[in-house]
Amino acid sequence: MTRLAGSSKLLRAMNESAALAHLLDPGMLTRADLRKLTALSTPTISEVLRRLTDAGLVNVVGHNSGRPGPNAEIYNANPDAAYAAAVSVRDIGASGAPSVVAALCDLTGEVRGRIESSIDFLTTDPLTALVEVVARLSDEAGVPADRIRHVQFGVAGSYDPHTATIRHVDVPGFGRTGLVPQLAAALGTHVGVDNDVNLAAIAERQRGVGRDADGFALLWLGEEGLGLAIDMAGTLMRGARGGAGEIGYMPLYSPDSSHRKLDLQDLFGGAAILELARDSGVPGRTPADVVRAAATDPANGGDFLIALADRIVIGLAAVIAVLDPYLVVLSGPIAQAGGAPLLSAVTFAVRRAAPLESSIAVTAIDDDAVLLGALDAGLTAVHEALIDSIRSS
């Protein structure tokens, strides 16, 4: 798509923002490349690149010697012009994993630092803890704090942007009114907060099996909580108060007692998986451990996977019936641990459960999907802020 171009002060800023946008994605362009992408004249492109270079946003990174005539300069966004940080606050349960993991990337998306911390939020104020995590990340990466233009937080809860409050969160202190504005003030930069499963879906869209999908539903199978993210052609459905996809709260009722209220969390959340594993004789200390053990030993774990898949499909069938998604992605630690054997069991269970059609895949991301999605979201926010700043200058 050709971007707007012109020669007035307003259009000059638009020309600069258009050129910067192309250099941010995909970057590594010559003047000739930018002329084709923007339809700007050669003198205008030269002036735009001069101004962006003088502003420290663009660098010459090489020369193209593959053409007749003088070597063409190759331009790219200056990696050190701005940074994005991501902080994932985990609902860790019995896994014993670090409760906070954070990473920092430069303007081109290269990760410059990554740290993990085990923080007891029962005894530590989240404001103090998170500010210290970002400061430590900045120090260890050797990045000045004032270059961090956005910090994206991922939480096991839903963020209500109208009240700037995190809802449906079990981590102590995170539901406190005023926490998010206080974080922004203490960090001195822009702050974003999103549900951890939404961020996992952003990573799946950018890096995983959802990359080429028209849209998809991502079912998060965590060691503690469950969640759902709904991607509609690259746009996430978050709901009026950020609570779309809190599928773990979907109510069920036990067939043997109308007085005992159940929800999907009771059916295939972490504690339910451990109980099912004990009944099936599958060893393991954590939910991911038992699913991995069953997946790697189908002779002894096959019945467990079939039983677990039958439970998962109770929630999945409702998702497919309501949304009719092009693709369903199984994600989270349980899906990563179960891999192809769990996918096969769930696919078979869906076909038996209801006459509904949807492609099902297991996540292609073997790293921390929430952290990666937070980095992607944070970097997008930094890019947009830089472009907007040029347009308004």
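What counts as what
- Residues numbered from 1 in each chain as written.
- Predicted model: local features only at pLDDT ≥ 70, side-chain atom pairs only at ≥ 80, totals over all residues.
- Heavy atoms only, no water.
- UniProt positions renumbered as here; feature names shortened; annotations may be inferred.
- Axes fitted to C-alpha atoms, helices over the stretch in contact; angles between N-to-C directions.
- Helix = DSSP H or I, 4+ residues; strand = E, 2+ residues; numbered from the N terminus.
- Parallel < 35°, antiparallel > 145°, perpendicular 65-115°, else oblique.
- Left-handed = near helix turned anticlockwise from the far one by under 90°.
- Contact = heavy atoms within 4.5 Å.
- Nonpolar A, V, L, I, M, F, W, Y, C, P; charged D, E, K, R; others polar.
- Phe/Tyr/Trp six-rings, centres within 6.5 Å; stacked < 30°, edge-to-face > 60°.
- Core = buried A, V, L, I, M, F, W, Y, C linked by side-chain atoms within 4.5 Å.
- Buried < 20%, exposed > 50% of the residue type's maximum accessible area, 1.4 Å probe, protein only.
- Salt bridge = Lys/Arg side-chain N within 4 Å of Asp/Glu carboxyl O.
- Pairing = 2+ DSSP bridges.
- Arc of directions from axis to C-beta.

Looking at an unreviewed UniProt entry, the chain carries the name ROK family transcriptional regulator, with the source organism given as Paractinoplanes hotanensis. A UniProt comment under Sequence similarities (unreviewed entry) is attached to the chain, and it reads "Belongs to the ROK (NagC/XylR) family."

Visitor: Hey, could you run me through the packing of helix α10 (residues 298-323) against helix α11 (residues 333-353) in this one?
Guide: Two measures define how a pair of helices packs: the angle their axes make with one another and the distance between the axes. Relative to each other, α10 and α11 sit at 55°, their axes nearing to 8 Å. Of the possible angle classes, the one that applies to α10 and α11 is oblique. Considering only the axes of α10 and α11, their crossing is right-handed. Between α10, through L305, L308, A309, D310, I312, V313, L316 and I320, and α11, the contact on the second element is made entirely by P341, L342, A345, V346, A349, V350, R352 and A353. Considered class by class, the residues forming the contact of α10 with α11 number 14 nonpolar, no polar and two charged.

Visitor: I'm lost on the environment of L305 in this one. Help?
Guide: Among the structural elements, L305 can be located in helix α10. Separated by 68 residues in the primary sequence, L305 and M237 have C-alpha atoms spaced 30 Å apart. Among all residues touching L305, those that are not within four sequence positions of it are A294, A295, P341, L342 and A345.

Visitor: I'm lost on the packing of aromatic side chains in this one. Help?
Guide: Describing an aromatic ring pair means giving the distance of the ring centres and the angle of the ring planes. Scanning the model with the defined rule gives one aromatic pair in all. On the basis of an interplanar angle of 85° and a centroid distance of 5.0 Å, the ring pair of F121 and F174 is categorised as edge-to-face. Residue F121 is found in the loop between β5 (111-117) and α4 (126-141), and its partner F174 is found in the loop between β8 (165-167) and α5 (179-187); the two are separated by 53 residues along the sequence.

Visitor: Would you mind going over the nonpolar core with me for this structure?
Guide: Counting 51 residues, the largest nonpolar core has L20, L52, L57, L107 and L218 as the members making the most contacts within it. Once residues lying within four places of it in the same chain are set aside, the contact partners of L218 are V197, A200, A201, E204, G227, L228, A229, V329 and S331.

Visitor: Please explain the pattern of salt bridges as it appears in this structure.
Guide: When the charged atoms of two side chains lie near each other, side chains of opposite charge can form a pair. What the rule picks out here adds up to 15 salt bridges. Put simply, R176 and D125 hold a salt bridge, and the shortest N to O gap is 2.7 Å. Taken together, the positions of R176 in the loop between β8 and α5 and D125 in the loop between β5 and α4 put the pair 51 residues apart, joining distant regions of the chain. Using a relative accessible area of 32% as the deciding quantity, one classes D125 as partly exposed. Between R136 and E140 there is a salt bridge, and its shortest N-O distance comes to 3.0 Å. Taken together, the positions of R136 and E140, both in helix α4 and four residues apart, correspond to about one turn of that helix.

Visitor: What is the right way to look at the sheet that holds strand β9 (residues 190-195) in this model?
Guide: To summarise the sheet geometry, strands pair through backbone hydrogen bonds and adopt either a parallel or an antiparallel arrangement. Pairing within the open sheet is mixed, and its five strands lie in the order β5-β4-β3-β6-β9. Every other strand in the sheet has two partners, leaving β5 and β9 as the edge strands with one partner each. Taken pair by pair, the neighbouring strands of this sheet meet at an average axis angle of 15°, ignoring direction.

Visitor: What should I look at first to understand the environment of L34 in this one?
Guide: Relative to the helices and strands, L34 is located in helix α2 (residues 31-38). Expressed as a C-alpha distance, the spacing of L34 and I45, which sit 11 residues apart in the sequence, is 7.3 Å.

Visitor: Hey, could you run me through the packing of helix α9 (residues 287-296) against α11 in this one?
Guide: At a closest axis distance of 8 Å, the pairing of α9 and α11 adopts a crossing angle of 5°. Classified by the angle their axes make, α9 and α11 are roughly parallel. Residues P287, A288, V291, R292 and A295 of α9 touch α11, and the partners they reach there are P333, I334, A337, G338 and P341. For the contact of α9 with α11, a count of residues per class yields eight nonpolar, one polar and one charged.

Visitor: Before we go on, may I ask you to explain α5 in this structure?
Guide: Quick reminder: α-helices carry 3.6 residues per turn. Residues three or four places apart thus point the same way. Of all the positions in α5, only L179, V180, L183 and L187 are classed as buried. Taken around the axis of α5, the buried residues stretch over an arc of 95°, which confines them to a single face. Each element contacted by the buried residues of α5 is listed here: α4, β6 (148-155), β7 (158-160), β8 and β9. G188 occupies a position one or two residues after α5 and carries a positive phi of about 65°.

Visitor: I tried to follow the sheet that holds strand β16 (residues 359-362) on my own but got confused; where do I start?
Guide: Across the sheet, which stays open at both edges, the five strands sit in the order β12-β11-β10-β15-β16 with mixed pairing between neighbours. Lying at the two open borders of the sheet, with one neighbouring strand each, are β12 (235-236) and β16. Where strand β10 (residues 215-221) and strand β15 (residues 327-331) come together, four bridges link them in parallel fashion. Within β15, the position partnered with L218 by the bridge is V329. Strands β10, β11 (226-232), β12 and β15 of the sheet are contacted by helix α6 (residues 196-207), whose axis makes an angle of about 130° with β10. Running at roughly 160° to β16, α11 makes contact with β10, β15 and β16 of the sheet.

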